[in-house]
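Summary of structural features
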Amino acid sequence: AAGKYTIVPSGLSAANYTITYANGTLTISQATLSAPSSASWSSTLGTATWSNVSAIGSASVTYKVILYKDGTASVTKTGLTSTSYDFASEIRKAGGTYYFTVQAISSDTTNCASSGTTKSGNLQATKVSIETNTGISSATINSASSYVMIAGESGIAVTATAKNGYDFASWS
């Protein structure tokens, strides 16, 4: 186990020599978990993924993941046992630039220290809306008046209603 241990030498003898003993200390340091070697955004929009970290000894490994919005920590998840977490619902609350950090945590805090952190690349999310104007009486994006699109997203449903006397045939 990690810690400091006193070493007390004794039991030697030799003719023609005087043996003097001095106590010593043996220090055993904690092992440290490796940091996840990769952290990235998956093709599933808003899902953070990272590489697995092997446990040391009989300890188990969980993960601490922090989501940052525009450089400020906004959500912290601890005790995760998988190598991914879906942050889409958090990201869809507001546009901004997002990244996350992930850290491996050992269940044996006496003998094994947590890893350093690994940082993902940025993910851009943008709040979009359609303004009603002289020709549009109402409009929605995915059934809402505004919507936060995550970079790479496709298949957005836009619904608009033209005011009387206007049509969308000539719009571009």
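Here's a quick rundown of the structure. Only a predicted model underlies this, so the values are computations on that prediction, with no experimental measurement involved.

What counts, and at which threshold
Starting from 1, residues in each chain are numbered consecutively following that chain's sequence as written. Restriction of local features to residues with pLDDT of at least 70 applies here, the model being predicted, together with a cutoff of 80 or more for giving and counting side-chain atom pairs; totals for whole chains, interfaces and linings are based on all residues. Side-chain numbers here rest on the full set of heavy atoms in the structure, without hydrogens or water. What is meant by a nonpolar core is a set of buried Ala, Val, Leu, Ile, Met, Phe, Trp, Tyr and Cys residues, joined one to another through side-chain atoms within 4.5 Å. Burial classes follow relative accessibility: with a 1.4 Å probe on protein chains only, a residue under 20% of its type's maximum area counts as buried, one over 50% as exposed, and anything between as partly exposed. Numbering of helices and strands starts at the N terminus; helices are DSSP runs of H or I of at least 4 residues and strands are runs of E of at least 2. Contacts between residues were defined by any pair of non-hydrogen atoms, one from each residue, lying within 4.5 Å. One side-chain nitrogen of Lys or Arg within 4 Å of one carboxyl oxygen of Asp or Glu is enough to make a salt bridge. If DSSP finds at least two bridges between two strands, the strands pair. Only C-alpha atoms enter the line fits that serve as axes; for helices the fit covers just the stretch in contact. Angles between N-to-C directions range over 0 to 180 degrees.

Turning to the nonpolar core, a few remarks are in order. One finds Trp 41, Trp 50, Tyr 63, Val 65, Ile 91 and Phe 100 to be the most contacted residues of the largest nonpolar core, which totals 24 residues. Elements supplying a minimum of two residues to this core: strand 4 (39-41), strand 5 (47-50), strand 6 (61-69), strand 7 (72-80), helix 1 (88-91), strand 9 (96-106), strand 12 (123-129) and strand 14 (146-150). Ignoring anything within four residues of it in the chain, the contact list for Trp 50 reads Pro 36, Ser 38, Ala 39, Tyr 63, Val 65, Leu 80, Ser 82, Thr 83, Ser 84, Tyr 85, Phe 100 and Val 102.

What follows covers the pattern of salt bridges. Counting across every chain of the model gives 3 salt bridges. Between Asp 70 and Lys 69 there is a salt bridge, with its nearest N and O atoms 3.0 Å apart. With a relative accessible area of 47%, Asp 70 lands in the partly exposed category. Between Arg 92 and Glu 153 there is a salt bridge, and its shortest N-O distance comes to 3.1 Å. Of this pair, Arg 92 sits in the loop between helix 1 and strand 9 while Glu 153 sits in the loop between strand 14 and strand 15 (158-162); the two residues are 61 residues apart in sequence, bridging distant segments of the chain. The class for Glu 153 is buried, based on a relative accessible area of 13%.

Take unusual backbone geometry next. The phi angle at Asn 16 is positive, at roughly 75 degrees, despite the residue not being glycine. Even without a glycine there, the phi angle at Asp 70 is positive, about 50 degrees. Relative to the helices and strands, Asp 70 resides in the loop between strand 6 and strand 7.

Taken in spatial order, the 3 strands line up as 4-5-8 in an open sheet, and their pairing is antiparallel. Each end of this open sheet is capped by a strand with a single partner; those strands are strand 4 and strand 8 (84-86). Each strand of the sheet is rotated relative to its neighbour by a mean of 20 degrees, with strand direction disregarded. As paired strands, strand 5 and strand 8 are joined by 3 bridges and run antiparallel to one another. Looking across to strand 8, one finds that Thr 47 is bridged to Asp 86.

Function-wise, these values are silent; they only describe arrangement.
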